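# Residue-level structure breakdown
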Amino acid sequence: MYSRLLVPPAQKSFFLFGPRGTGKTTWVKQNFPKALYYDLLDPEIYHDFLANPQNLETYTEKEKFDWVVIDEIQLVPELLNVVHRLIESKHYKFILTGSSARKLRRGGINLLAGRALTYFMHPLTAIELGKDFNLEKMLEFGALPSVFSEDDPQKYLSSYVKTHLYEEVQQEGMTRSLSAFARFLETASFSQGSVLNVSEVAREAMVERKVVENYFTILEDLLVAVQIPVFTKRAKRKMIVHNKFYFIDAGIYRTIRPMGPFDNPSGVSGGALETIFLQNLRAVNDYLDLRYKLFYYRTTTGVEVDFVLYGEKEIIAIEIKGSNKIARSDLRGLRAFLSDYPMAKGYLFYGGNHKMYKNGIEIWPVKEALLNLPKILG
């Protein structure tokens, strides 16, 4: 059990979203041991509430509790109408976990109109792992909690991909397209950390563009993938328009990404390193409520910065390099960005061991930066 950075609200109901396997249920049970708990992955409970959502009120009426937990609320979204009424009429406090936003995004779903806060659970951060933080292991297997307890983490990750991703496609009525989805997943993995060209992915996977667009939406709804937009605010240069794509965990990415004799291992490791930083950035930003919006920066001439965090009072530009030495060219993107946005802070994180300061840019060792993100992000 690792102590998480996420701090629950004291009195208000809340949603807790996150991909399966990130530890939502464990965290809830640890922090709310006296809560009534209903797991919609339990077939009996699922079918009961699906047939009659009003049973929630019947079940809770004579119980003594401080909170009510409904795990995987997206499986029976109609329960939210009952939850809404119980919050209003009986002042119940609910924790509503979910690993997919797909059904909840569809029209007509009651999201409680501000009566519940929204939180997110991410894979483990370097800070949460503490003495167990091992960058090399994280690069290979990612940071889903189970990879730190399983005897065979790669087998767990393979099962995770097959169970959760393929299962969702089947539930969406695409059972005849599983082979197409498999080709899509492998092709999409080559776009990790790159500017996304949906038409090219569709062509390479031999799948229609509209189907590929739907597949990307499924990955984002399952919270296992994210697209990062380009930073264009007050741009002085001509910027590209497409998003960058990432699977949210290095272990998931490397499990999906096929490796052949012509593949460059350093390229795969570079994508995994960016993924680790993205996952840690998103987690720290959410858990500490820093409220940065996340972008990347790339001009049409190829000048690029991996991540730009845009806050109410601050702009932070971050470049990630796996090498243990810094070349002048490694600073090119950050120098261009700081020239256009002189109020911004620039950081380069690299595989070496020494902190440096060059041309207004702070240079940190990768491991040290991951363990000090709250300080860096301020």
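Just so you know, these numbers come straight off a predicted model, no measurement behind them.

Here we take up the sheet that holds strand β12 (residues 345–350). Hydrogen bonding along the main chain pairs the strands of a sheet, whether they run parallel or antiparallel. Here 6 strands make up an open sheet; going across it, the order is β9-β10-β11-β12-β14-β13 and the pairing mixed. Because the sheet does not close on itself, it has two edges, and the strands there are β9 (293–298) and β13 (356–358). Taken pair by pair, the neighbouring strands of this sheet meet at an average axis angle of 25°, ignoring direction. Pairing analysis gives 4 bridges linking strand β10 (residues 304–310) to strand β11 (residues 315–320), with the strands arranged antiparallel. In the strand pairing of β11, F307 is matched with I318.

A separate point is the pairing of strand β14 (residues 361–365). For β14, the tally of buried residues reaches 4 of 5 residues, placing the bulk of the element in the interior. Pairing geometry for β12 and β14, over 5 bridges, is parallel. Looking at the pairing, F349 lines up with W364 of β14. Bridge count for β13 against β14 is 3 bridges, and the pairing is antiparallel. Across the sheet, the residue bridging to Y357 is E362, located in β14. In this antiparallel pair of consecutive strands, β13 and β14, the connection spans 2 residues, and N359 shows a positive phi of 50°.

Another aspect to go through is the nonpolar core. Formed by 95 residues in total, the largest nonpolar core has its most connected members in F184, L219, F307, F337 and F349. Sort the elements by how many residues they give to this core and helix α13 (residues 265–287) lands first, with 8 residues. Excluding anything up to four places from it in sequence, F307 contacts Y246, E274, F277, L278, L281, L294, F295, Y296, I316, A317, I318 and I320. Ranked by size, the runner-up nonpolar core spans 25 residues in total, among them Y38, V68, I73 and A116.

With that settled, the discussion passes to the pairing of β9. Sheet topology places β9 next to β10; 5 bridges connect them, and they run antiparallel. When the bridges of β10 are listed, R298 appears paired with E304. Counted between consecutive antiparallel strands, the loop separating β9 from β10 contains 5 residues, among which G302 sits at a positive phi close to 95°.

To continue, consider the packing of aromatic side chains. This structure, assessed with the given rule, holds 31 aromatic pairs. Taking the centre distance of 6.0 Å and the plane angle of 70° together, the rings of F14 and W67 count as edge-to-face. Residue F14 is found in strand β1 (residues 14–17), and its partner W67 is found in the loop between α3 (55–60) and β3 (68–71); the two are separated by 53 residues along the sequence. In this structure W67 comes out as buried when scored by relative accessible area, which is 4%. On the basis of an interplanar angle of 90° and a centroid distance of 5.5 Å, the ring pair of Y166 and F181 is categorised as edge-to-face. One end of the pair, Y166, is in helix α8 (residues 153–171); the other, F181, is in helix α9 (residues 178–189), and 15 residues separate them in sequence. It is K233 that lies over the ring of Y310; its NZ or CZ is 5.0 Å from the centre.

This part is about the side chain of T275. Its location among the elements puts T275 in helix α13. The exposure class of T275 is buried, given its relative accessible area of 1%. Beyond its immediate sequence surroundings of up to four residues, T275 is in contact with Q192, Y246, F247, I248, D249, A250 and Y253.

Scoring rules and cut-offs
- Residues numbered from 1 in each chain as written.
- Predicted model: local features only at pLDDT ≥ 70, side-chain atom pairs only at ≥ 80, totals over all residues.
- Heavy atoms only, no water.
- Pairing = 2+ DSSP bridges.
- Helix = DSSP H or I, 4+ residues; strand = E, 2+ residues; numbered from the N terminus.
- Axes fitted to C-alpha atoms, helices over the stretch in contact; angles between N-to-C directions.
- Buried < 20%, exposed > 50% of the residue type's maximum accessible area, 1.4 Å probe, protein only.
- Core = buried A, V, L, I, M, F, W, Y, C linked by side-chain atoms within 4.5 Å.
- Contact = heavy atoms within 4.5 Å.
- Phe/Tyr/Trp six-rings, centres within 6.5 Å; stacked < 30°, edge-to-face > 60°.
- Lys NZ or Arg CZ within 6 Å of the ring centre and 35° of its normal.

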